[in-house]
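Remarks on the overall topology
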Amino acid sequence: MNTEDTQTGSGGAHWPLWEIFVRSARGLSHVHAGSLHAPDADMALRNARDLYTRRNEGVSLWVVPASAIIASDPDAKGEFFESPQGKDYRHATYYTKSEGVKHL
Amino acid sequence: MATQDSDHHAVANADGDETAAAGQAYFDKIIAADSRIEPPDWMPDGYRKTLIRQISQHAHSEVIGMQPEGNWIGRAPSLKRKAILMAKVQDEAGHGLYLYSAAETLGIPRDVLNDQLIAGKARYSSIFNYPARSWADMGAIGWLVDGAAICNQVPLCRASFGPYGRAMVRVCKEESFHQRQGFEILLELANGTPAQKQMAQDAVDGLYAPALMMFGPPDSDSAHSSQSMAWNIKRFSNDELRQRFVGMIVEQVKVLGLTLPDDDIRFNEETGKWEYGELDWDEFNEVLAGRGPCNAQRLTRRREAHENGAWVREAATAYAAEKAKREQVA
Ligand SMILES: [Fe+2]
Ligand SMILES: [Fe+2]
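Criteria and thresholds
Residues numbered from 1 in each chain as written. Chains lettered and ligands numbered in written order. Predicted model: local features only at pLDDT ≥ 70, side-chain atom pairs only at ≥ 80, totals over all residues. Heavy atoms only, no water. Helix = DSSP H or I, 4+ residues; strand = E, 2+ residues; numbered from the N terminus. Rg over C-alpha atoms; globule rule 2.2 N^0.38 Å. Buried < 20%, exposed > 50% of the residue type's maximum accessible area, 1.4 Å probe, protein only. Contact = heavy atoms within 4.5 Å. Lys, Arg positive; Asp, Glu negative; His and termini not counted. Charge placed at Lys NZ, Arg CZ, Asp CG, Glu CD. Core = buried A, V, L, I, M, F, W, Y, C linked by side-chain atoms within 4.5 Å. Donors = N, O, S within 2.8 Å, 3.2 Å for Na, K, Ca; no water. Tetrahedral: all angles 85-135°; square planar, octahedral: opposite > 155°, others 65-115°. Pairing = 2+ DSSP bridges. Axes fitted to C-alpha atoms, helices over the stretch in contact; angles between N-to-C directions. Expected span 1.5 Å × (residues − 1). Bend = angle between axes of the 7 residues up to and from the residue. Salt bridge = Lys/Arg side-chain N within 4 Å of Asp/Glu carboxyl O. 1 Å grid on protein atoms, 1.4 Å probe; cavity = no way out; pocket = protein on both sides within 12 Å on 5 of 7 lines; lining within 4 Å. Points joined across faces, edges and corners; volume = space filled by probe spheres on them. Nonpolar A, V, L, I, M, F, W, Y, C, P; charged D, E, K, R; others polar. Phe/Tyr/Trp six-rings, centres within 6.5 Å; stacked < 30°, edge-to-face > 60°. Lys NZ or Arg CZ within 6 Å of the ring centre and 35° of its normal.

Time to look at the overall build of chain B. Along its length, chain B carries 13 helices and two strands. Relative to the globule expectation of 20 Å for 330 residues, the C-alpha radius of gyration of chain B, 22 Å, shows essentially globular dimensions. In terms of overall dimensions, chain B has a C-alpha envelope of 65 × 60 × 35 Å along the principal axes. Scored against the burial criterion, the 330 residues of chain B give a buried share of 53%. If you take every contact in chain B between residues at least 6 apart in sequence, the share linking residues at least 24 apart comes to 76%. The positive charge centre, built from 36 side chains, and the negative charge centre, built from 46, are 5 Å apart in chain B.

Structure (structure tokens):
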């Protein structure tokens, strides 16, 4: 169910929802900060600047239409993510015999 | 069942009892592990309803809370104080938006929440139905009202519903400036002329009890408390938070050189808790029921602001549509 399609309220504003991602400093990834409604991408960017970066929290912003995000199926947590399970050997901590060897 | 499950695509659970039983088991496991529930997860109806009620009331409080202070922006005593007050009021608008955004992840559209507020069907914190009569009230609001809010909100950063907790982290970071600027307003007045000091004392006298009531009714009368604690939404009871707050301000007021209008404040060595005088809960219930000094005015202003903003929303929509059309042609 897409909540955008169920909006009925006042104001006549039927603006799409945008997800906001903020890069807090050079060298770091953009991180999801929240969302907002805006009529188009430009206004979403301006609103995002005012809402999520009032204190220099960001050096770059991404706004993404919420409807454009494709996510994994929440009901299939188990199957979808199970393949790494039982594959401890993909982690360095699996190899204990070398413990104490320097720079390894 | 939905395959899209970004925060804002609430998932319908129509797959019957089996899904509900499995969902409940998974939900219980997450809560028992003190982990976080995210929007696409199955959750009990009561949990969803409780959160929608609490988060939207919280959002409405931030939005209505702009009014008592907005009222003083044009009368701030200096340009510096004016800039500070504007920044604070802007923050409160931001807090409202963070929280509406969190509420929406539960499947309730923002327009519906807005309609509930301007129709007078939604609740918001009773504190904002008291008038802000003097500049000193700007100080007492920052110190006591934002202070009580912080006390309430810090534990909510660990609320079991992910988007709510994350919104609260953001809010709490910004609130500490609110409390400090209020404290400084009082400190300056308290060290000013006798008349200024009196004005500061009057503001503290007036806002002390309403601020204490912000924590909600006593535990013995709190309808939703225990279930919310079991769901890890609330971490401490109303009375626990209230007595903790009293313990903080009883020390802070000494720095101001002012007093709290309550002779019964004392630390109980046996319980390890702060005690305070009886609060007037009849007044609290009256204000909550819409019969406080400013209820009608606050809602009228909110409604006017929404109606007066209609042309801006329409213009923005028209601009976006026109631009999209031209881009298509080009
Ligand atoms: Fe706030
Ligand atoms: Fe605040």
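One finds Leu36 of chain A together with Tyr47, Ile55, Trp143, Phe161, Tyr164 and Leu260 of chain B to be the most contacted residues of the largest nonpolar core, which totals 95 residues. Considering every element that reaches this core, the biggest residue donor is helix 6 (residues 135-153) of chain B, with eleven residues. If near-sequence neighbours (up to four positions away) are discounted, Phe161 of chain B is found in contact with Ile37, Glu38, Pro39, Met43, Tyr47, Leu51, Ile55, Ala102, Thr105 and Leu106 of chain B.

Residues and elements named next belong to chain B. The iron ion (ligand 1) binds to the protein through Glu62 (OE), Glu92 (OE), His95 (ND1) and Glu175 (OE), with metal-donor distances spanning 2.1 to 2.2 Å. The coordination sphere of the iron ion (ligand 1) comprises four donor atoms, whose angles at the metal cover 83 to 158 degrees; the geometry is irregular. Considered as a linear motif, the donors of the iron ion (ligand 1) on their single chain read E-x29-E-x2-H-x79-E. Between the two metal centres, the iron ion (ligand 1) and the iron ion (ligand 2), the spacing is 3.3 Å, with Glu92 acting as a shared donor. Remark: Glu175 occurs in helix 7 (residues 162-190) and Glu92 occurs in helix 4 (residues 79-104); sequence separation between them is 83 residues.

All names here are of chain A. Spatially, the three strands line up as an open sheet ordered 2-1-3, and their pairing is antiparallel. Each edge of the open sheet carries a strand with a single partner, namely strand 2 (30-37) and strand 3 (60-65). Ignoring which end each strand starts from, the neighbouring axes of this sheet average 25 degrees apart. Taken together, the six bridges between strand 1 (residues 17-23) and strand 3 define a ladder with antiparallel strand orientation. Each bridged residue has a counterpart across the sheet, and for Val22 the counterpart in strand 3 is Leu61.

Below, the discussion takes up helix 8 (residues 194-213) of chain B. Helical periodicity: at 3.6 residues per turn, an α-helix aligns residues three or four positions apart in one direction. Residue and element names in this part refer to chain B. Between its terminal C-alpha atoms helix 8 stretches 30 Å, which fits the 28 Å expected from 20 residues at 1.5 Å a residue. Remark: the principal bend of helix 8, roughly 35 degrees, maps to Leu207, with a proline, Pro210, within the next four residues. Buried within helix 8 we find Ala200, Gln201, Ala203, Val204, Leu207, Tyr208, Pro210, Ala211, Leu212 and Met213.

Bringing the side chain of Arg48 of chain B into the picture now. Residue and element names in this part refer to chain B. Mapped onto the elements, Arg48 comes out in helix 2 (residues 45-64). One buried charged residue, Arg48, remains without a salt bridge, the closest side chain of opposite sign being Asp45 at 5.1 Å. Residues in contact with Arg48, not counting those within four places in the same chain, are Asp41, Met43 and Leu106.

The gaps of empty space that remain are located by a probe, the size of a water molecule, rolled over the atoms. Residue and element names in this part refer to chain B. Per the stated rule, a full pass over the model turns up one cavity of 30 Å³ or more. One number sums up the size of the largest cavity: a volume of about 60 Å³. Tallying contributions element by element places helix 6 first for the lining of the largest cavity, with three residues. Residues that form the lining of the largest cavity fall into these classes: nine nonpolar, no polar and one charged.

Within the protein, Glu92 of chain B (OE), Asp146 of chain B (OD), Glu175 of chain B (OE), Glu175 of chain B (OE) and His178 of chain B (ND1) serve as the donor atoms for the iron ion (ligand 2), at 2.0 to 2.7 Å. Between consecutive donor residues of the iron ion (ligand 2), the sequence gaps follow E-x53-D-x28-E-x2-H.

This next bit is on the packing of aromatic side chains. Scanning the model with the defined rule gives 13 aromatic pairs over all chains in all. Pairing Tyr89 of chain A with Tyr94 of chain A gives two aromatic rings, centres 6.2 Å apart and planes at 75 degrees, and the pair type is edge-to-face. Overall, the relative accessible area of 41% leaves Tyr89 of chain A in the partly exposed class. Classification of Tyr94 of chain A as partly exposed rests on a relative accessible area of 45%. Ring centres 4.9 Å apart and planes at 75 degrees place the aromatic pair Phe27 of chain B and Tyr47 of chain B in the edge-to-face group. You can see Phe27 of chain B sitting in helix 1 (residues 17-32) and its partner Tyr47 of chain B sitting in helix 2, a full 20 residues away along the chain. A connected cluster of aromatic rings, assembled from ring pairs, spans Phe27, Trp42, Tyr47 and Trp231 of chain B. The cationic tip of Arg75 of chain B hangs over the ring face of Trp72 of chain B; the distance from NZ or CZ to the ring centre is 3.9 Å. Over the ring of Tyr98 of chain B we find Arg170 of chain B; its NZ or CZ atom is 5.7 Å from the centre of that ring.

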